[in-house]
Amino acid sequence: MSELIFPNINIENLDRWVGDLSPLECIEIKNETHNVKSFTFKSKKDAWFQFLPGQHTTLFLNIDGIEVMRTYTIASSPTRPHTITITNKRMQDGVVTNWMHDSLKVGDCIDALNIGGSFSVALDQPRPKILLMSGGSGITPMLSMTRYFIDLSINVDLVFIHNAQSPKDLISKEELEFYELHQTNFKRHFICDKPDANWEGPSGFLSSELLLELVPDFIDREVYCCGPEPYMQNAKKILESSNFDMSAYHQESFDIESSTAQSNMAVNLELPEHKVPDSGINEYNVTLSKSDKVVSCGSNSSILVSIQKQGITVPFACSMGLCGTCRTKMIEGTVEMDSQGGLLKSHEEEGYILTCCSYPTSDVVLDL
C-alpha cells in the first residue's frame, strides 16, 4: 500500500499567490448546469490565495495563437485559501469562456493576474441584515459571499434572491437549498423568468411587489447586487422607488461576460475620472502602426475613447483597467496609466499599456 502524502495546510510556511508567481493548475471541472461549469485551480507552487469574497481575477490565455485576457469573479470563499474556483457560462460569442468549456482539462495550467476588485461585503461595515440579489452568472460573487458567511458562522441574517431564465439554469441550487435547510439565519428565493410546468416558485421579472413579498424587511438590509446590466438597473429602480437608503446598496460595476460587452462603445460608459495638470490640456497624435491611422487624443481623454470616436474597432471589455482585454504594446511615446490591476508587471516592463485607462503625455505609436 502506498504511503499517504498530506498537503501542507499551514499557510504561514507558504508564499501568498500573486500574479506572475506561478501558473494556476486546473484540478477539478464540475458541470453546474447545461451551460455552466466550475473550474477549480491551485497554485503550481503551493502558494495560498488571499482575497475578499466578491473579488475577481483575470485569466491570461493563448487561444489559437492569440493572447487574450478575461476577468472572472472568484466563486469560492477565501476561507478555503488553497484553491480558487471560477464559475462561468458558455456564451454565444464567448471566446474565452467557450474555450474553457471545450478545451480546458484537469491538469492544464494557465496564467492569471493578481486578484482585485472593490465589490465585496468585507470592504464595508454592513448592517446585521444582508440581502444578496443576483441574475444569471452574476451569482458568482454572491456564492463567494454566502460560502464565506457559512464557513465562518458569522452572525448575520442573510437572504439570497437569484433570478434565472428557467429551472434548468439555476446554479448551485442544491447547495443553497442545503444551507437554507441547515442554517437558521439563511433564506434563499429562486425566481425563473420562463418557468416550466413543474416549477412551483415565483416567476417573471423582479418587481416591487414581489420583493416585498419575499423579503418584507428589505428596507432594513444592506444590499449587494450583481447580474446583467438590465437586471441591476431594475433592482436599483425598485429600491429607489421604495425610499431605500441607497448608501446601503452595492453593485458590481462591470459585466465582463456579456456577449455584447465588446459591441458597446466605451464612450458611453461611466469611466474613471482622470485629473490633468493645472497647466492645461494638450493634444497629441496616436499612431496605429498596423493601419497607419493617426488619431488626435487629448491628455484628458483615454486613448481607447479617442480611437473609438473615430469609428475604429479595437479590443476592449471592462473599460476600467481591470480585465486586460485592451492590452496593447506601445512602440513609442509616454502615457499616464490609471490601471486597476489588469496588467501583468512583466508586460508593463515590456512596454504594454491598457488603452482604456492610458492618457498620452506625448505623441504615441501603438502596435495596433
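These numbers were taken from a predicted model, which means no experiment stands behind them. (Residues numbered from 1 in each chain as written. Predicted model: local features only at pLDDT ≥ 70, side-chain atom pairs only at ≥ 80, totals over all residues. Heavy atoms only, no water.)

Engineer: Give a description of the sheet that holds strand E1 (residues 24-33) that names residues and reports values.
Structural biologist: Reading across from one edge, E4-E3-E6-E1-E2-E5 is the order of the 6 strands in this open sheet, with antiparallel pairing throughout. Edge positions in the sheet fall to strand E4 (66-73) and strand E5 (84-89), since each of these pairs with one other strand and no more. Across the sheet, the mean angle separating the axes of adjacent strands is 40° when strand polarity is ignored. Where E1 meets strand E6 (residues 109-112), 2 bridges bridge the pair, whose relative direction is antiparallel. Counterpart to Glu25 in the pairing with E6 is Cys109. On top of the sheet, helix H1 (residues 95-103) reaches strand E2 (36-43), strand E3 (56-63), E4 and E5; it is set at about 75° to E3, its chief contact. (Pairing = 2+ DSSP bridges. Helix = DSSP H or I, 4+ residues; strand = E, 2+ residues; numbered from the N terminus. Axes fitted to C-alpha atoms, helices over the stretch in contact; angles between N-to-C directions. Contact = heavy atoms within 4.5 Å.)

Engineer: Just give me the short version of unusual backbone geometry, but keep the residues and values in it.
Structural biologist: Of note, the phi angle at Ser153 is positive, near 50°, even though the residue is not glycine. Within the secondary structure, Ser153 sits in the loop between helix H2 (139-152) and strand E8 (157-164). On the basis of relative accessibility, which here comes to 61%, the residue Ser153 falls in the exposed class. In this model, Asn243 sits at a positive phi of 60°, which is unusual for a non-glycine residue. (Buried < 20%, exposed > 50% of the residue type's maximum accessible area, 1.4 Å probe, protein only.)

Engineer: A description of the nonpolar core should follow, citing residues and the corresponding values.
Structural biologist: Residues Ile130, Leu132, Met142, Met145, Phe149, Leu176 and Tyr224 are the most contacted members of the largest nonpolar core, which totals 26 residues. Elements with a minimum of two residues in this core: strand E7 (129-135), H2, E8, helix H3 (173-182), strand E9 (186-192) and strand E10 (222-226). Among the elements that take part in this core, H2 stands out by supplying 7 residues, more than any other. Ignoring any residue separated from it by four or fewer positions in sequence, one finds Met142 in contact with Phe119, Leu132, Met133, Ser134, Phe160, Tyr224, Cys225 and Cys226. Core analysis: the second largest hydrophobic core is formed by 22 residues, Phe41, Ile63, Tyr72 and Met100 among them. (Core = buried A, V, L, I, M, F, W, Y, C linked by side-chain atoms within 4.5 Å.)

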